[in-house]
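Working through the structure, step by step
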Amino acid sequence: DCTDCVFTIGCKQLRTRDCRNVDFYLYSLTDPIIETSNNMRFANFNGAYPNLERDMASAGLDPQNNHWSAVFDFNDEAKTGVNWSYIPEAEEAAL
């Protein structure tokens, strides 16, 4: 239940509900799921800090197995992408 937010997240599973106008810079071990949400935008994980690789390994997250772009929308049976999109590279936030 978020509105007008930007998140950088590394997770095993992302599932959102009732969100509006949210950008995700995402690492997800599984396909991200949205439900009853709109204007959701996704880009590849942009997080960076010392020991990130170690922390991901410790959490069981493989950087080569990122499902950030495989969004499943429970409210779009026709898979039109009406509720979500990818963040254009020119608009991606720089760290």
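From a predicted model like this one, the values you see are computed outputs, not experimental measurements.

Focus: the nonpolar core
If you look at the biggest cluster of nonpolar residues, it comprises 12 residues: C11, L14, C19, V22, F24, L26, I34, M40, F42, W68, V71 and W84. Mapped by element, the contributors of at least two residues to this core are strand 3 (20-28) and strand 5 (38-44). Among the elements that take part in this core, strand 3 stands out by supplying 3 residues, more than any other. Excluding residues within four positions of it along the chain, W84 makes contact with I34, M40, F42, S69, V71 and D73.

Section: the pairing of strand 5
Remark: a regular strand shows side chains that alternate across the two faces of the sheet. Taken together, the 6 bridges between strand 3 and strand 5 define a ladder with parallel strand orientation. Bridging across to strand 5, Y25 finds its partner in A43. Note: strand 5 against strand 7 (residues 84-86), 3 bridges, orientation parallel. Opposite F42, over in strand 7, you have Y86 as the bridge partner.

What to know about the packing of aromatic side chains
The full count for this structure, using the stated rule, is 6 aromatic pairs. Look at W68 and Y86: their rings are 5.5 Å apart centre to centre, the planes differ by 70 degrees, and that puts the pair in the edge-to-face class. Linking W68 in the loop between helix 1 (52-58) and strand 6 (72-73) with Y86 in strand 7, this pair joins segments that are 18 residues apart in sequence. By relative accessible area, Y86 is classed as partly exposed at 40%. Linked through ring pairs, F7, F24, F42, W68, W84 and Y86 together constitute an aromatic cluster.

What counts and how
- Residue positions are given per chain, counted from 1 along the sequence in the order it is written.
- Reporting in this predicted model follows two pLDDT cut-offs: at least 70 for local features of residues, and 80 or more for side-chain atom pairs to be given and counted; totals over whole chains, interfaces and linings ignore these cut-offs and use all residues.
- Water and hydrogen atoms were dropped before computing side-chain values, which therefore reflect all heavy atoms in the structure.
- What is meant by a nonpolar core is a set of buried Ala, Val, Leu, Ile, Met, Phe, Trp, Tyr and Cys residues, joined one to another through side-chain atoms within 4.5 Å.
- Relative accessible area decides the class of each residue, using a 1.4 Å probe on protein chains only: under 20% of the type maximum gives buried, over 50% gives exposed, and in between gives partly exposed.
- Note on conventions: DSSP H or I runs of at least 4 residues are helices, E runs of at least 2 residues are strands, and numbering of each starts at the N terminus.
- The contact rule is simple, with two residues in contact once any of their heavy atoms fall within 4.5 Å.
- A pair of strands is labelled paired if DSSP reports no fewer than 2 bridges between them.
- A pair of Phe, Tyr and Trp rings is counted when the ring centres sit within 6.5 Å of each other, with Trp represented by its six-membered ring. The angle between the planes then sorts it: under 30 degrees is stacked, over 60 is edge-to-face, the rest tilted.

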